[in-house]
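Now for the letters of each chain:
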Amino acid sequence: MISTFDIMPWQMDPGERAALEGLLCQIRPNLSIEIGTADGGSLRSIAQYSGHVHSVDLAAPPDDINELTNVTVHTGDSHVLLPEVLAQSARDGQNVDFVLVDGDHTPDGVERDTRDLLASAAVNRTVIVFHDTMNDAVRAGLAHVDIEAEPKVTHYDPDFLAGRLHYRSDLHHQLWGGFGVMVLGAASRSSIRPSGVDPTAYATYDLVAPVRDALVAQERNGDPSGPSWVRHALRLSRAGDDELLHLRAELAELQRAFDEVTTSKSWRLTAPLRATARLMRNGRT
Ligand SMILES: C[S@@+](CC[C@H](N)C(=O)[O-])C[C@H]1O[C@@H](n2cnc3c(N)ncnc32)[C@H](O)[C@@H]1O
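Residues numbered from 1 in each chain as written. Predicted model: local features only at pLDDT ≥ 70, side-chain atom pairs only at ≥ 80, totals over all residues.

Trainee: How should the site of the ligand be read in this particular structure?
Mentor: Taken together, 20 residues are adjacent to the ligand, and Gly 36, Ala 38, Gly 41, Ser 42 and Ser 78 come closest. Taken together, the elements giving at least two residues each to the shell around the ligand come down to α2 (41–49), β2 (52–57) and α3 (78–91). Each residue belonging to the shell around the ligand can be placed in one class, and the counts come to six nonpolar, nine polar and five charged. (Near = placed C-beta within 6 Å. Helix = DSSP H or I, 4+ residues; strand = E, 2+ residues; numbered from the N terminus. Nonpolar A, V, L, I, M, F, W, Y, C, P; charged D, E, K, R; others polar.)

Below, the structure is given as structure tokens:
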């Protein structure tokens, strides 16, 4: 069996593992950084293809990671440690060839790691892989960065590899996985997709997020959900949309009829009568 399908503590799907190895195989980085190591699944692969790797995680990795002689472990917050690692690499005149961003998945965390990387003098000819670009928070963080305006970025695709909508207890109806890829310093600056806009295809996130919303709404209604209820959920949400459209059209028609009456000549002529009736009513109360 090839290692992509091995059961090991690597928090990536088989397709993501294969894509990561495929990229590393082509890049063969001298120097790599991994933000977010956990049990070391992706780190082992990065170390296999890299001259040296800096691993940054809030928690210390498992003991066997220390056997990897080309890995330096940095335990702590990437928002403190990453700028330090980058500054040291810049001082040493080293270029960081490859980065995996898979640490702080909050919008602010993703944005800070991205900005720190883009601002570094050591990040010039670099491939950056962002894990979990299918996730709402990760996407929001990346969307905060004006990638089009970043002069070093020559290619950016937040949907390099699509993620998944989960249906399991701990990640129920959550979107995770997927790779975004950013290339810095390539010869041509041809294929930047600033906010995930691909002129030739729909972004998978834009297709799946509304389906997730429909499934969540269906479940809130007490209806069954799950992989075999997707079409049902879409029909229900469509029915809700249709009803809303119908009500909006009815409201617009009532507004038009009301305006027609209140701007008519007879309405204006009978205004004194209505004013007298109001006065009489007020007098009675
Ligand atoms: C999804 S796991 C990484 C999985 C790993 N890349 C793999 O493929 O097996 C995310 C890791 O990021 C770490 N993390 C979260 N916030 C962080 C931060 N601000 N700085 C450093 N590491 C952080 C967590 O401790 C966790 O181990």
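Trainee: Can you walk me through the pairing of β2 in this structure?
Mentor: One face of the sheet, then the other: side chains in a regular strand alternate in exactly this way. Most of β2 is tucked away: five of the six residues are buried. As paired strands, strand β1 (residues 31–35) and β2 are joined by five bridges and run parallel to one another. Following the sheet pairing, Ser 32 is matched in β2 by Val 53. Each parallel crossover has a hand, and for β1 linked through α2 to β2 it is right-handed. Pairing geometry for β2 and strand β3 (residues 71–75), over five bridges, is parallel. (Buried ≥ 20, exposed ≤ 12 C-beta atoms within 10 Å, placed from the backbone. Pairing = 2+ DSSP bridges. Right-handed = clockwise from strand over helix to strand, strands pointing away.)

Trainee: Is there a simple way to explain the domain arrangement of the protein chain in this structure?
Mentor: Interface size is often expressed as the accessible area that is lost when the parts come together. One can read the domain layout of the protein chain as domain 1 (3–201) and domain 2 (227–284). For domain 1 versus domain 2, the distance between C-alpha centres works out to 53 Å. (Domains from an automatic or database assignment.)

Trainee: Looking at this model, I keep getting lost on the packing of helix α1 (residues 14–27) against α2. Mind explaining?
Mentor: Two packed helices can be described by the angle between their axes and the distance between those axes. Where α1 contacts α2, the axes come no closer than 9 Å and their chain directions differ by 20 degrees. Taken as axis vectors, α1 and α2 run roughly parallel relative to one another. In the crossing of α1 with α2, the sense of the turn from one axis to the other is right-handed. The segment α1 lies against α2, with Leu 20, Glu 21, Leu 24 and Cys 25 engaging Ser 42, Ser 45, Ile 46 and Tyr 49. The residue inventory of the contact of α1 with α2, partitioned by class, reads five nonpolar, two polar and one charged. (Axes fitted to C-alpha atoms, helices over the stretch in contact; angles between N-to-C directions. Parallel < 35°, antiparallel > 145°, perpendicular 65-115°, else oblique. Left-handed = near helix turned anticlockwise from the far one by under 90°. Contact = placed C-beta atoms within 7 Å.)

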